[in-house]
Amino acid sequence: MRRFENLLISYPSSPRVRWGRARSLDALAEERRSNEILQTCIQAYTETADSPDCPRMLKKQALKKAANRLAFFGKVRRASNIYFNLVEEFPDDLQIKKDLGVQLLVGGMNNQAKPVFESILKLSPTDGFAKIHLGFILKAEGDYKVAIPLLQEGLDSGDIGTQEGKYFFHLGDALYREGRTDESYKVYQTAADRGFFRSVYQRSLYNVETLKAKPWWSAEDAKFAKAAKSLEDNWEMIREEGLALLDPESKLFSPEDEGLSEKGDWKQFTLFQQGRKDEANCKRAPKTCAIVDAIDDSATCKRGQVKFSVMHPGTHVWPHCGPTNCRLRSHLGLVIPDGCSIRVANETKSWQEGKLMIFDDSFEHEVWQEAESVRLILIVDFWHPSLTNGQKHMLTPI
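As the structure is a prediction and not an experimental result, all values here were calculated from the model. (Residues numbered from 1 in each chain as written. Predicted model: local features only at pLDDT ≥ 70, side-chain atom pairs only at ≥ 80, totals over all residues. Heavy atoms only, no water.)

Peer 1: Would you mind showing me how to read the overall build of the protein chain here?
Peer 2: If you tally the helices and strands in the protein chain, you get 17 helices and 13 strands. For the protein chain, the C-alpha atoms occupy an extent of roughly 80 × 45 × 45 Å along the three principal directions. Out of the 398 residues in the protein chain, the part that is buried amounts to 51%. Summarising the internal contacts of the protein chain: among those between residues at least 6 apart in sequence, 65% fall at separations of at least 24. Put simply, the protein chain shows about 19700 Å² of open surface, and 47% of that area lies on carbon and sulfur atoms. When the 55 positive and 56 negative side-chain charges of the protein chain are each reduced to one mean point, those points stand 6 Å apart. (Helix = DSSP H or I, 4+ residues; strand = E, 2+ residues; numbered from the N terminus. Buried < 20%, exposed > 50% of the residue type's maximum accessible area, 1.4 Å probe, protein only. Contact = heavy atoms within 4.5 Å. Areas by Shrake-Rupley, 256 points an atom, 1.4 Å probe, with all protein chains shown as cover. Lys, Arg positive; Asp, Glu negative; His and termini not counted. Charge placed at Lys NZ, Arg CZ, Asp CG, Glu CD.)

Peer 1: Hey, could you run me through the packing of aromatic side chains in this one?
Peer 2: Any two aromatic rings considered together are summarised by their centre-to-centre distance and by the angle between their planes. For the coordinates displayed, the defined rule picks out eleven aromatic pairs. Centroid distance Phe253 to Phe269: 5.7 Å. Interplanar angle 40°. Geometry classified as tilted. Of the two residues, Phe253 sits in the loop between α13 (235-245) and β2 (254-255) while Phe269 sits in strand β4 (residues 266-273), which places them 16 residues apart along the sequence. Like Phe253, the residue Phe269 is buried in the burial classification. (Phe/Tyr/Trp six-rings, centres within 6.5 Å; stacked < 30°, edge-to-face > 60°.)

Peer 1: It is not clear to me how the pattern of salt bridges should be interpreted in this structure. Could you clarify?
Peer 2: Under the defined criterion, the tally for this structure stands at 25 salt bridges. Of the charged contacts, one joins Glu178 and Lys145 as a salt bridge, the two residues approaching to 2.8 Å between their closest N and O atoms. With Glu178 in the loop between α10 (165-177) and α11 (181-193) and Lys145 in helix α9 (residues 144-157), this pair connects stretches of sequence that are 33 residues apart. For Glu178, a relative accessible area of 28% gives the class partly exposed. Between Asp381 and Arg327 there is a salt bridge; the shortest N-O distance is 3.9 Å. Of this pair, Asp381 sits in strand β13 (residues 375-383) while Arg327 is found in strand β8 (residues 327-335), placing the two residues 54 residues apart along the sequence. We note that Asp381, like Arg327, is buried. Each of Arg203, Arg343, Glu364 and Glu366 takes part in a single network of salt bridges with overlapping partners. (Salt bridge = Lys/Arg side-chain N within 4 Å of Asp/Glu carboxyl O.)

Peer 1: What is the right way to look at the pairing of β4 in this model?
Peer 2: A regular strand places its side chains on the two faces of the sheet in alternate fashion. Extensive coverage of β4 is indicated by the burial of six of its eight residues. With seven bridges joining them, β4 and strand β6 (residues 305-311) adopt antiparallel strand pairing. What sits directly across from Gln273, in β6, is Gln305. Across two bridges, the pairing between β4 and strand β5 (residues 276-277) is antiparallel. Looking at the pairing, Gln273 lines up with Arg276 of β5. In textbook terms, the turn of a hairpin is the stretch between consecutive antiparallel strands, and for β4 and β5 this stretch comprises two residues, one of which, Gln274, has a positive phi near 55°. (Pairing = 2+ DSSP bridges.)

Peer 1: Is there a simple way to explain the sheet that holds strand β12 (residues 365-369) in this structure?
Peer 2: Pairing is antiparallel in the open sheet, where five strands are placed in the order β3-β7-β12-β9-β10. Edge strands, defined here as strands with exactly one partner in the open sheet, are β3 (261-263) and β10 (347-349). Across the sheet, the mean angle separating the axes of adjacent strands is 20° when strand polarity is ignored. The pairing of strand β9 (residues 340-344) with β10 spans three bridges and is classified as antiparallel. Across the sheet, the residue bridging to Arg343 is Thr348, located in β10. (Axes fitted to C-alpha atoms, helices over the stretch in contact; angles between N-to-C directions.)

Peer 1: Teacher, can you tell me more about unusual backbone geometry here?
Peer 2: Glycine aside, residues mostly have negative phi, and peptide bonds are mostly found in the trans state. Positive phi values are uncommon outside glycine, yet Arg33 reaches one of about 50°. Residue Ala345 is not a glycine yet carries a positive backbone phi of 55°. Tracing the backbone shows Ala345 in the loop between β9 and β10.

Any functional reading would require information beyond the geometric quantities listed.
Here's what the structure looks like:
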């Protein structure tokens, strides 16, 4: 590092000296885990590319490094802008286009990523990476018929960046939604056999491998008996707060936004998210939040939620899996008309008012609301009982 700093005094405009300094800063930022040094490193890469007489290939390397480190730093839009500039200057470089497409997807800019992957396939029609990412985008748009062959061909290609559990998940889900159930479960079984899923039914992607796995749990097995009693003893008061929130004019409940419903109306009102209390919402349900506050494994669960869930008649929720096996999910029945049921793995149950049911939502589950009035429950997630305190501390929020 000092060597390049000294060389810059003698050769302040040298692109290769600037490149050497940027690389040294990069290594130092990683060694010291310093965001401040990383910012200086990004600036150094940019200055390298802007150097007078910077060789074209070195400029490409420097800008790619700057974009990569910006993305690591969470500056997705700035990273994407650099990749856009690189694509203009190096239009035949497919890797740059792939990097741009991925950054746009990370930033939630699917509409901009779509033409990027389409342009790659015009230049390279058999590119598995582009196929699987375009299939992913089309599946999110609900164009299952077109997405399915792209996802399948992308997986079959074996290209780098195509062999991930999420792509098997999206292919299986798209097949199921097209009524191709047997093919869907064959995809899931293949993924399970290759180690991407824990089983054909347990398809979560963010897992701790040593945790006990079963679809349904008793409060005793889940080490949640004391909490379950507290929730059940106070269910009528919790129901009262939940019903007060359902005032149609207040519009406090938010629609489910993950594309899990085939039809119907399913909304939620969140009290805790990723181990943090929603202070504003808890002011509207203070008694319920006070009860949850006293349940440490729920109030601090960084991979879970606590929320009221209301489902209207005629709703069907597609089979799906939660993102992680690090939590268990409990449902407290508050308003349960006849005609409501939930399947977890291969067993279907119904809710009961004032009773808590516990299941592992990393297993496939599906919901039907075929009653004539609304169903209201309180969802209370909590840490998997096999996790140590150290593991709970180290796990990232989801």
